[in-house]
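# Topology and contacts: notes
Spelled out, the chains give:
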Amino acid sequence: MKSAVVVFPGSNREGDVLRALKLAGSDVQKVWHAETELPKGTDLVVLPGGFSYGDYLRCGAIAGRAAVMDAVRAHAARGGLVLGICNGFQILCESGLLPGILMRNANLRFICHRQFLKVERNDTAFTKAYAKGQAIDVCVAHGEGNYTADVETLNRLEGEGLVAFRYCDAQGHVTADANRNGSMNSIAGIYSDKLNVLGMMPHPENLVENLVGGTDGLRLFESLVSSFPKAA
Amino acid sequence: MKARVTVTLKNGVLDPQGKAIEGALQSLGVDGIANVRQGKVFDIELDTADKAKAEASLKAACEKLLANTVIENYRVEIA
């Protein structure tokens, strides 16, 4: 399985994503934002976290219109897998690949802590290594993670099962206290219509080794790798 | 030709930054402030004297980048 990690000026989590993908068994290449094509045979594109273009204008707004995004859009239109984490999620929303927008956290604070997420469905390429309803232990670190969309979009996401993860407590209960950024319906991550694009604010790549506190995040990358036959 | 583009949040979109500014004004003792909504201003110079062409460019700029029309409105004023 071949992954491409896109690097924008101001991305800073590409190294962690690279490491997580390698641990899960993927070949990985970094791709600079000015490229107009993805490496041949790319199965998965990852937009990592960070502060692309210093969060100027709106988070992800400038990166969402970078040259490489046309190639990412084409990849997604072909059914190729795309994962956007944190700033990557913001970029996916700004690029039109996912609906809605990530606004300033409701409490106006940058939040940075361990966070449980409820896995809403485990029949996608991203989550097959989890159980449905499982509370996974990952991290959040963002100032603009407050998922916002109009009522129509929200109803569609809920109605079509496109919510990927919700903020929850250790027991998997989706509570107001667990939703620290104020996201509508406690949404931490959403899928595209065809379930091949996932955007999520939390960082699964932070929890991929017991040395740093857990491996719940690694399962997401393993799910992706297991979706492809092993190279001969 | 010069233009000013103002981008503001749509009505009904929560504006926590505006609320914080409102609170700060109140704590500074500035009287009579009922509500604050914040936004962005872009002063743009155009290299054309053709107003229709300028309007088209500015509309494209707003739609493509300056405003996220999911949550924001924009207004264009040409000087």
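Predicted, not measured: the structure shown is a model, and the values here were computed from it.

Each helix and strand counted, chain B has two helices and three strands in total. Traced from its N-terminal end to its C-terminal end, chain B shows the element sequence β-α-β-α-β. Its C-alpha atoms put chain B at 45 × 25 × 15 Å along the principal axes. Looking at the 79 residues of chain B, the share that counts as buried comes to 10%. Contacts in chain B between residues at least 24 apart in sequence constitute 66% of all its contacts with a sequence separation of at least 6.

Another point: the overall build of chain A. Along chain A, the regular secondary structure elements total five helices and eleven strands. In terms of C-alpha radius of gyration, chain A reaches 16 Å, essentially the compact-globule figure of 17 Å for 232 residues. With the C-alpha coordinates aligned to their principal axes, the bounding extent of chain A is approximately 45 × 40 × 35 Å. Evaluated residue by residue, chain A yields a buried proportion of 55% over its 232 residues. For chain A, the share of sequence-separated contacts (at least 6 apart) that also reach a separation of at least 24 residues comes to 75%.

It is worth spelling out the sheet that holds strand β1 (residues 2-9) of chain B at this point. Residue and element names in this part refer to chain B. With antiparallel pairing, the three strands of this open sheet are ordered in space as β2-β1-β3. Two strands in the sheet have a free side with no partner beyond their single neighbour: β2 (39-45) and β3 (72-78). For this sheet, the mean inter-axis angle between neighbouring strands, taken without regard to orientation, is 15 degrees. Pairing analysis gives seven bridges linking β1 to β3, with the strands arranged antiparallel. What sits directly across from T6, in β3, is R75. Relative to β3, helix α2 (residues 51-66) is tilted by about 160 degrees, and along the sheet it contacts β1, β2 and β3.

Our focus in this paragraph is helix α3 (residues 87-95) of chain A. All names here are of chain A. The buried count for α3 comes to nine of nine residues, which makes it a mostly enclosed element. Here α3 has its buried residues at N87, G88, F89, Q90, I91, L92, C93, E94 and S95. Packing partners of the buried residues in α3 comprise β3 (44-47), α2 (68-77), β4 (81-85), β5 (101-103) and β11 (197-200). Following α3 by one or two positions, G96 has its phi on the positive side, about 90 degrees.

On the chain B side, the residues contacting the ten residues of chain A number seven residues. Here the residues of the side of chain A that touches chain B sort into four nonpolar, two polar and four charged.

Residues and elements named next belong to chain A. Contact pair helix α1 (residues 14-24) / helix α5 (residues 218-226): the axes reach a minimum separation of 8 Å and the direction vectors enclose 60 degrees. By the criterion of interaxial angle, the relationship of α1 to α5 is oblique. Between α1 and α5 the crossing geometry is right-handed. The residues of α5 that touch α1, namely those facing A20, L21, L23 and A24, are L218, F221, E222 and V225.

Right, let's talk about the nonpolar core for a bit. V5, V6 and L117 of chain A are the most contacted members of the largest nonpolar core, which has 77 residues in total. Once residues lying within four places of it in the same chain are set aside, the contact partners of L117 of chain A are A135, I136, V138, F165, R166, Y167, C168, A188 and P202 of chain A. Among the nonpolar cores identified, the runner-up in size contains six residues, and V5, V7, L58 and A67 of chain B belong to it.

Residues and elements named next belong to chain A. If you trace the nine strands from one edge of the open sheet to the other, you get β2-β1-β3-β4-β11-β10-β9-β6-β7, paired in mixed fashion. Because the sheet does not close on itself, it has two edges, and the strands there are β2 (27-32) and β7 (135-142). The sheet shows a mean angle of 25 degrees between the axes of neighbouring strands, direction not considered. Note: strand β6 (residues 111-119) against strand β9 (residues 163-168), four bridges, orientation antiparallel. In the strand pairing of β9, K118 is matched with R166. Taken strand by strand, α2 contacts β1 (2-7), β2, β3, β4 and β11, and its axis lies near 130 degrees from that of β4.

Attention shifts here to the environment of S227 of chain A. Structurally, S227 of chain A can be placed in the segment after α5. Judged by the 15 C-beta atoms lying within 10 Å of it, S227 of chain A is partly exposed.

Helix length check: helix α1 (residues 16-27) of chain B (twelve residues) gives 16 Å between terminal C-alpha atoms against 16 Å at 1.5 Å per residue, within 8%. Two residues or fewer past α1 of chain B, G29 of chain B is found with a positive phi of approximately 80 degrees.

This part covers unusual backbone geometry. Residues and elements named next belong to chain A. Positioned with a positive phi, L57 is a non-glycine residue whose angle comes to about 70 degrees. Among the residues examined, L57 registers 17 C-beta atoms within 10 Å and is labelled partly exposed. In the Ramachandran plot, L108 falls in the positive-phi region, its phi being about 65 degrees despite a non-glycine side chain. Looking at the element boundaries, L108 is found in the loop between β5 and β6. The class of L108 is partly exposed, set by 13 C-beta atoms lying within 10 Å.

Rules and cut-offs
- Residues numbered from 1 in each chain as written.
- Chains lettered and ligands numbered in written order.
- Predicted model: local features only at pLDDT ≥ 70, side-chain atom pairs only at ≥ 80, totals over all residues.
- Helix = DSSP H or I, 4+ residues; strand = E, 2+ residues; numbered from the N terminus.
- Buried ≥ 20, exposed ≤ 12 C-beta atoms within 10 Å, placed from the backbone.
- Contact = placed C-beta atoms within 7 Å.
- Rg over C-alpha atoms; globule rule 2.2 N^0.38 Å.
- Pairing = 2+ DSSP bridges.
- Axes fitted to C-alpha atoms, helices over the stretch in contact; angles between N-to-C directions.
- Nonpolar A, V, L, I, M, F, W, Y, C, P; charged D, E, K, R; others polar.
- Parallel < 35°, antiparallel > 145°, perpendicular 65-115°, else oblique.
- Left-handed = near helix turned anticlockwise from the far one by under 90°.
- Core = buried A, V, L, I, M, F, W, Y, C linked by C-beta atoms within 7 Å.
- Expected span 1.5 Å × (residues − 1).

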